[in-house]
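So the chains spell out like this:
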Amino acid sequence: MSVQPEQFHQLKEITAEEVATHNKQGDIWIIIDAVVYDLSKFANLHPGGLGVLLDGDVAGKDATTVFFSLHRQEVLLKPQYQRLIVGRVAGSTQSVSPPAIGAISTVPYGEPTWLTPQFKSPYYNDSHRKFQKVVRKFVEEEIKADAQACEESGKRASKEVLAAMARVNLNAMRLGPGKHLHGRSLFDGAFKGEEFDYFHELIITQELARTGARGYADGLNAGMVIGLPPVLNFGQEPLRSKVVEQVFKGEKVISLAISEAFAGSDVAGLRTTATKQGDGWVINGTKKWISGGVHSDYFTVGCRTEGGLTVFLVPRTENVTTKQIKTSYSTAAGTAYITFDNVYVPNENMLGPENGGLLVILSNFNHERWVMCCGSARSSRIIVEECLKWASQRRVFGKPLISQPVIRAKLASMIAKVEATQAWLEAVTFQMCNMNYKQQSKNLAGQIAFLKMQSTRFAGEIADDAVNIFGGRGLTKTGMGRLVEQFQRTQKFDAILGGAEEVLGDLGVRQAMRQMPKDVRL
Ligand code: HEM
């Protein structure tokens, strides 16, 4: 459907016979899904060329099938192409559904089972269901268009989006449930901070993933999700409250600066130093791959001190320089190389105890990894939906692509993977809701490590299958396969950030070994 139903009925009625008379260069009309377009002037600008529009089966004809085999539906919804509409075909109706704001996908496996009407779930209550509707609408109305535009332009999220997120308290919610939400009104009073749990947070992360803009997503305060908890949990008053509120209100941006060119997963090998000077510390060194770093006002920095590691909150000053790193996703992520050149911070900027930084750094890893699992699972599902649509509408050898058993076999494996990941993710989330922080650290570090390892391994396999299903379009940045192209190019970020698959798998097994009873034998 290229126009909304109300608009469709207001269009001038044109007979198919009249459309047929406009069939030559300089005078081309076509029909797409019962709507008549005048392409006379546009034809010379058409990205697919003039020649294809002059084809005997296209000019003056109903080109619905050929149009949908070559373009995404969203092309027709763009204002510049809506202006080409001159009427509707007398007596016909539109047959393609428009993507309505907030709608639930009707494509099988396009939504997790809990959002599919015929399924029940033990995990989601009325508050979660209401919350999902509100978040989806918010993301589609306030964020999606900005996400698409910035992913392409490489610019950071717009001020309007950041302000809207702060207004509904989304920044505070993205830190997960906790006291920081108590007394806060969420989404203009629709929810109370006290009712917020990990399933609400899962919903936020999964709805944000639906914007299909992986670099932008990391630039959209993802640095806050990992950089602010050390301030919230280990910061000293009054600095703690000041910084937390500034970030929640969208006035300041924060990121986590741990990894270095010298040390990634090997946190203990960091080389950035903090040296005591008077009532404070002087920081020197570099950090690499810092998501959102280019946009940040504050950095949560892991430093080597005399007796170990210490974490500091470092405000941006002239002694802090950030340089954009070009990675395989959009520069909208603001991925930075940071240099700290004799940066002085007072004692009160220390987060946690002196030489106790390892604990501060490790304390948020489980949450970070779980957030990444939520995103990876949802991005993988988008790809399954794209492939199901494509395989149904694409015709090869005179038949829909889906009639090829080899394509169905790929889809089977992809669907099984997204369903398995979401089911495990929800089971882990349920445990998180029923364990305190200490219990989570003890019992879930291994589970979450394995879950992340598996989610991203599956995402890689799904990306691989999706490209083979889409062919060249899966390698093309615009057009029908654009989401598949982006996914195959960017899914690895989830596999590397927050711990590489092999490191996590090893961590999970070592955690299990700690609980291995001494008295068991085969
Ligand atoms: C309202 C009518 C049409 C509009 C607004 C339109 C617009 C576009 C746009 C924006 C693209 C670039 C796609 C992208 O990379 O995102 C494109 C590509 C293309 N269009 Fe159209 N188009 C129209 C009708 C048609 C029709 C009727 C045909 C029939 C043959 C056609 C054939 C093509 C082809 C072959 C391409 C290249 C596709 C590719 O690279 O995969 N277009 N068109």
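These numbers come from a predicted model, not from an experiment.

Quick notes on the rules
Residues numbered from 1 in each chain as written. Predicted model: local features only at pLDDT ≥ 70, side-chain atom pairs only at ≥ 80, totals over all residues. Heavy atoms only, no water. UniProt positions renumbered as here; feature names shortened; annotations may be inferred. Helix = DSSP H or I, 4+ residues; strand = E, 2+ residues; numbered from the N terminus. 1 Å grid on protein atoms, 1.4 Å probe; cavity = no way out; pocket = protein on both sides within 12 Å on 5 of 7 lines; lining within 4 Å. Points joined across faces, edges and corners; volume = space filled by probe spheres on them. Nonpolar A, V, L, I, M, F, W, Y, C, P; charged D, E, K, R; others polar. Domains from an automatic or database assignment. Pairing = 2+ DSSP bridges.

Chemist: Teacher, can you tell me more about the UniProt feature "domain: Cytochrome b5 heme-binding" (unreviewed entry) in the protein here?
Modeler: Following the UniProt record, one finds the feature "domain: Cytochrome b5 heme-binding" (unreviewed entry) at residues 11-90. End-to-end, the C-alpha atoms of residues 11-90 are 10 Å apart, and along that stretch the chain is 30% helix and 24% strand.

Chemist: How should empty space enclosed by the protein be read in this particular structure?
Modeler: Rolled over the atoms, a probe as big as a water molecule pinpoints where empty space is left. Applying the stated criterion across every chain, the model contains 5 cavities of 30 Å³ or more. Taken as a whole, the largest cavity spans an internal volume of roughly 80 Å³. Among the secondary structure elements, those contributing two or more residues to the lining of the largest cavity are helix H11 (214-219) and helix H12 (222-227). Here the lining of the largest cavity gets 3 residues from one element, more than from any other, and that element is H12. The residue makeup of the lining of the largest cavity, split by class, is 6 nonpolar, 6 polar and 2 charged. When residues of the lining of the largest cavity are assigned to domains, at least three fall in each of domain 2 (127-220) and domain 3 (250-361). Considering only enclosed or pocket space, the second largest cavity measures out at about 50 Å³ in volume. Every residue lining the second largest cavity is listed: Pro 112, Trp 114, Leu 115, Gln 132, Leu 202, Ile 203, Gln 206, Glu 207 and Arg 378. By residue number, the principal contributor to the lining of the second largest cavity is helix H10 (residues 198-209), which donates 4 residues. A class-by-class count of the residues in the lining of the second largest cavity yields 5 nonpolar, 2 polar and 2 charged.

Chemist: Help me understand the sheet that holds strand E4 (residues 35-38), please; the structure alone is not making it clear to me.
Modeler: The strand order across the open sheet formed by 5 strands is E1-E5-E4-E3-E2, and the pairing between neighbours is mixed. Each of the sheet's edge strands pairs with one partner strand only, and the pair in question is strand E1 (13-14) and strand E2 (23-24). As paired elements, E2 and strand E3 (residues 27-32) share 2 bridges and run antiparallel to each other. Paired with Asn 23 across the bridge in E3 is Ile 28.

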